[in-house]
Amino acid sequence: MSRLADGREILFFDDAGTAERPPESLVDRRELPARPEPGQLRFDALSREWVAVAAHRQSRTHLPPADQCPICPTTPANQTEIPAPDYDVAVFENRFPSLGPATHDVPAAPDWGTTAPAVGRCEVVAFTPQHAGSFAELGWKRTRTVIDAWAHRTEALSALSGIQQVFPFENRGADIGVTLHHPHGQIYAYPYVTPRAAVLAAAAGEYFDHSDGTATLTSSLLQAERSDGSRMVLEGEHFSAYVPFAARWPLEVHLVPHRPVPDFAALNGAERDELAHLYLELLRRFDALYPTPTPYIAAWHQAPLEPAMRQAGQLHLQLTSPRRAADKLKYLAGSEAAMGAFINDTRPESVAARLRDVAGELAAVGIPAALAPAPLTPKGAPA
Ligand SMILES: [Zn+2]
């Protein structure tokens, strides 16, 4: 770990086999203004949810030209957030964070009018030094490095005081609101359990208790989907992917480890190896559905850190896209945005069938055999 000119942490994760980089090549020589004051957390008494008020983010970098990209390697003409002439994967604290940089507990019994500094941590994960391209084009070795970086950051951020949940994610595509084209993701470490995670944790906890601690809900749903087969997309030895029975989004796939683990840090080497294959395969299939790249949100759900939610929770990916046709996006309007009541225009079984079918087309456009894992079409799926 080293520090950027304004004191933010930066970490480099190299692919297996990359030669060690001289430390003097990693010094940030910029003069940066002091870090902005943290934003504010306000408690919404109507919904009993925290809202982060981060007005300073309005000034953040928005779709800069490629020669001013802040996450490309540093050159004499463009001194970037990554003070290195080259890198494989880099993780650094966001210069315009919604949460942080301080970490500590938020008030335990908040009510109307309760505020707190917006504590927590927001990190940026640069997946590649290449400005153009996408995660799906990274290749297996680099993806494996990204998975190790996610695991490292999950463990380190989980250990910070006051952190309740660690959330690695990628927003891909300007349609999703991406403000930088360079392939990158983010990690948010929240000082509270987020509303969506709290709903999932409640369901998971109840199921776990009813099974006397013998089964997680995520694993049982995976088993049910595998024996049904009609919504399966990929089946591996350690991970499988399916379109959920009640998918909310026009494109939605859940990628689930067979072994119930709470987070990335708990995955073993063989699981990480296969995950790298299967995740790339999923992203390629998303992109193969339409003539242009598919916008998506890759949301890695990890068990919240509160002990009561820990055992029942399970790592899994929820990969979603609002794209409902080549030139049409689903917008969250009245029912979804105001009420959280989703109406999906696509049939989950048809989406799964399309995602199975594009595997053949991918092979046809020359995806290297080593990167396209062996046939993983589901056993029970109708032809
Ligand atoms: Zn760039």
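Conventions we followed
Residues numbered from 1 in each chain as written. Predicted model: local features only at pLDDT ≥ 70, side-chain atom pairs only at ≥ 80, totals over all residues. Heavy atoms only, no water. Donors = N, O, S within 2.8 Å, 3.2 Å for Na, K, Ca; no water. Tetrahedral: all angles 85-135°; square planar, octahedral: opposite > 155°, others 65-115°. Helix = DSSP H or I, 4+ residues; strand = E, 2+ residues; numbered from the N terminus. Expected span 1.5 Å × (residues − 1). Buried < 20%, exposed > 50% of the residue type's maximum accessible area, 1.4 Å probe, protein only. Arc of directions from axis to C-beta. Contact = heavy atoms within 4.5 Å. Core = buried A, V, L, I, M, F, W, Y, C linked by side-chain atoms within 4.5 Å. Salt bridge = Lys/Arg side-chain N within 4 Å of Asp/Glu carboxyl O. Pairing = 2+ DSSP bridges. Axes fitted to C-alpha atoms, helices over the stretch in contact; angles between N-to-C directions. Phe/Tyr/Trp six-rings, centres within 6.5 Å; stacked < 30°, edge-to-face > 60°.

**So, the coordination of the zinc ion**
Thinking step 1. Bound to the zinc ion on the protein side are Cys69 (SG), Cys72 (SG), His131 (ND1) and His182 (ND1), at distances that span 2.1 to 2.3 Å.
Thinking step 2. Its four donor atoms give the zinc ion angles of 101 to 116 degrees at the centre, a pattern that matches the tetrahedral case.
Thinking step 3. One chain supplies every donor for the zinc ion, spaced along it as C-x2-C-x58-H-x50-H. Here His131 lies in the loop between strand S7 (121–126) and helix H1 (140–158) and Cys72 lies in the loop between strand S4 (49–53) and strand S5 (89–93), a separation of 59 residues in the sequence.

**Let's talk about helix H2 (residues 195–210)**
Thinking step 1. With 16 residues, H2 should cover 22 Å at 1.5 Å per step; its first-to-last C-alpha distance of 23 Å lies within 8% of that length.
Thinking step 2. Looking at H2, one finds that the buried residues are Ala197, Ala201, Ala204, Gly205 and Phe208. Looking down the long axis of H2, one finds its buried residues gathered within 105 degrees of arc, a one-sided arrangement. Facing away from the buried side of H2 by more than 90 degrees, the exposed set consists of Val199, Glu206 and His210.
Thinking step 3. Looking at the buried positions of H2, the neighbouring elements they touch are strand S8 (165–172), helix H3 (217–228) and helix H5 (307–310).
Thinking step 4. Two residues or fewer past H2, Asp212 is found with a positive phi of approximately 55 degrees.

**Looking at the nonpolar core**
Thinking step 1. The biggest cluster of nonpolar side chains holds 51 residues, and the ones touching the most others in it are Phe135, Trp150, Leu255, Tyr279 and Trp300.
Thinking step 2. With eight residues, the top contributor of residues to this core is helix H4 (residues 269–288).
Thinking step 3. One finds Phe43, Ala118, Val119 and Ala299 within the second-largest nonpolar core, a separate group that totals 15 residues.

**A few points about the pattern of salt bridges**
Thinking step 1. Under the counting rule described, the total for this entry stands at 27 salt bridges.
Thinking step 2. Two residues, Asp88 and Arg21, come together in a salt bridge whose shortest N-O distance is 3.3 Å. Here Arg21 lies in the loop between strand S2 (9–13) and strand S3 (40–44) and Asp88 lies in the loop between S4 and S5, a separation of 67 residues in the sequence.
Thinking step 3. Taking the relative accessible area as the measure of exposure, Arg21 reaches 18% and is therefore buried.
Thinking step 4. Three or more residues are tied together by salt bridges with common partners; here these are Arg3, Glu9, Arg35, Glu93, Arg121, Glu123 and Arg153.

**Looking at the sheet that holds S2**
Thinking step 1. Strands sit in the order S1-S2-S5-S7-S9-S8-S13-S14-S12-S11-S10 across an open sheet of 11 strands; the sheet is antiparallel. Two strands lie at the open edges of the sheet, namely strand S1 (2–3) and strand S10 (232–235), each paired on one side alone.
Thinking step 2. Strand contacts of H4: S8, S10, strand S11 (239–242), strand S12 (251–257), strand S13 (296–301) and strand S14 (316–321), with the helix running at about 170 degrees to S12, the strand carrying the most contacts.

**Considering the packing of aromatic side chains**
A ring pair, where both rings are aromatic, is described by two values, the distance of the centres and the angle of the planes.
Thinking step 1. Counting across every chain of the model gives 16 aromatic pairs.
Thinking step 2. Measuring from centroid to centroid gives 6.1 Å for Phe135 and Trp150, while their planes differ by 15 degrees, and the two rings are stacked. Separated by 15 residues along the polypeptide, Phe135 in the loop between S7 and H1 and Trp150 in helix H1 bring together distant segments of the chain.
Thinking step 3. Each ring, one from Phe135 and one from Tyr279, has its centre 5.0 Å from the other, and the planes form 70 degrees; the classification is edge-to-face. With Phe135 in the loop between S7 and H1 and Tyr279 in helix H4, this residue pair connects regions lying 144 residues apart in the sequence.
Thinking step 4. Look at Phe135 and you get buried, because its relative accessible area is 0%.
Thinking step 5. Looking at Tyr279, the relative accessible area reads 1%, which means it is buried.
Thinking step 6. Among the aromatic side chains, those forming a connected cluster through ring pairs are Phe43, Trp50, Phe167, Phe169, Tyr188, Tyr190 and Tyr192.

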